[in-house]
Amino acid sequence: MALLSVWSEMRVGILLLSVLSLLSVRLVGAGQDSGSVIPAESRPCVDCHAFEFMQRALQDLKKTAYNLDTR
């Protein structure tokens, strides 16, 4: 008899957790939809960001090497 009581409490707990998780997923999705979305066409690609970063790093290395040479 106690086993049936525990089982029914477990079912209620699982049901409650699943309902809460579904509600939280909806709230998170709604929060992401609001706000400004930049279209993919106007966003620079990842490769462009990596290229610009590497260019800046190379310029910094050249400046550092030049400063070390002049000392």
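So, here's what we can say about the structure. (Residues numbered from 1 in each chain as written. Predicted model: local features only at pLDDT ≥ 70, side-chain atom pairs only at ≥ 80, totals over all residues. Heavy atoms only, no water.)

**Here we look at the overall build of the protein chain**
Stage number 1. Summing up its helical and strand segments, the protein chain has two helices and zero strands in all.
Stage number 2. Out of the 71 residues in the protein chain, the part that is buried amounts to 0%.
Stage number 3. If you sum the accessible surface of the protein chain, you get close to 7100 Å²; carbon and sulfur atoms cover 68% of it. (Helix = DSSP H or I, 4+ residues; strand = E, 2+ residues; numbered from the N terminus. Buried < 20%, exposed > 50% of the residue type's maximum accessible area, 1.4 Å probe, protein only. Areas by Shrake-Rupley, 256 points an atom, 1.4 Å probe, with all protein chains shown as cover.)

**Topic: a nonpolar patch on the surface**
Stage number 1. Residues L15, L16, L17, V19, L20 and L23 make up a contiguous nonpolar surface patch of about 600 Å² in total accessible area.
Stage number 2. The residue V19 is located in helix 1 (residues 2-33) in this model. (Patch = residues over 30% accessible without salt bridge, like charges linked within 9 Å, V, L, I, M, F, W, Y side chains within 5 Å. Salt bridge = Lys/Arg side-chain N within 4 Å of Asp/Glu carboxyl O.)

**Comments concerning the pattern of salt bridges**
Stage number 1. The tally for this structure, following the rule as stated, stands at one salt bridge.
Stage number 2. In this structure, E52 and R56 form a salt bridge, with 3.9 Å as the shortest nitrogen-oxygen distance. Taken as a pair, E52 and R56 lie in helix 2 (residues 46-70) at a separation of four residues, close to a single helical turn.

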